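Commentary on secondary and tertiary structure
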Amino acid sequence: MAVVIAATALLPLAARAATLNDRAALAGLHVAKTIFLVNVRQPVAVEHLVRVIGLTERQLRAQKVTPHIIVVFIGPDVAFLTRNRRGIPYTDERAVANIQKEIAGLARTGIRFQACGVAMHGMDVNPRDLIASVTPVENGFISVIGYQEKGYALIPIG
């Protein structure tokens, strides 16, 4: 009996989940341009964020909108993007490996990833040490400014 009551209570949630969509927000759009500015400092949170960015790209495509997504890493987060992972604590190694794997896959879908040169300098990260899927830029803020001027919506995370 308790199972039946619990299942009945969950029916409205299940029905509502089946009808979720972004039709109103996406009405008339064929292309969505966005730039994520990432400064989270926690590898597990960045790992989750990168996965949600991938989910966002897939959901836009499913709703017949072509996404143009750029992700700019600033601050200490640039250290999560290096091949040698120098300075990454052992406890964060798995999350950083997952971040890099996810970025490599998402880059193949067309999502572009950038690392701020100012942050790399501050973290003593050589641009040659970045994983292949990440492009170094001189200044992440300038990148964001330029893309906003080109119509990209800014989503700051951090």
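One can find the structure itself at the top, above this paragraph.
Computed from a prediction, not measured in an experiment: that's the story for all the values here. (Residues numbered from 1 in each chain as written. Predicted model: local features only at pLDDT ≥ 70, side-chain atom pairs only at ≥ 80, totals over all residues. Heavy atoms only, no water.)

1. Thoughts on the sheet that holds strand β1 (residues 31–38)
Taken in spatial order, the 5 strands line up as β4-β3-β2-β1-β5 in an open sheet, and their pairing is parallel. Two strands lie at the open edges of the sheet, namely β4 (134–137) and β5 (153–157), each paired on one side alone. Between one strand axis and the next, the sheet turns by 25° as a mean value, whatever way the strands run. By the bridge criterion, 5 bridges tie β1 to β5 in an arrangement that is parallel. From the neighbouring strand, Val38 faces β5, where its bridge partner is Ile157. On the sheet, helix α6 (residues 140–149) packs against β1, β2 (66–73), β3 (112–116), β4 and β5 and is oriented at approximately 160° with respect to β1. (Pairing = 2+ DSSP bridges. Helix = DSSP H or I, 4+ residues; strand = E, 2+ residues; numbered from the N terminus. Axes fitted to C-alpha atoms, helices over the stretch in contact; angles between N-to-C directions. Contact = heavy atoms within 4.5 Å.)

2. Overview of the packing of aromatic side chains
Applying the stated rule across the entire model yields 2 aromatic pairs. With a centroid separation of 6.5 Å and an interplanar angle of 25°, the aromatic rings of Phe73 and Phe113 are classed as stacked. Of this pair, Phe73 sits in strand β2 while Phe113 sits in strand β3; the two residues are 40 residues apart in sequence, bridging distant segments of the chain. Here Phe73 falls in the buried class, since its relative accessible area comes to 1%. Residue Phe113 is classed as buried on the basis of its relative accessible area of 1%. (Phe/Tyr/Trp six-rings, centres within 6.5 Å; stacked < 30°, edge-to-face > 60°. Buried < 20%, exposed > 50% of the residue type's maximum accessible area, 1.4 Å probe, protein only.)

The values are spatial; any link to function lies outside them.
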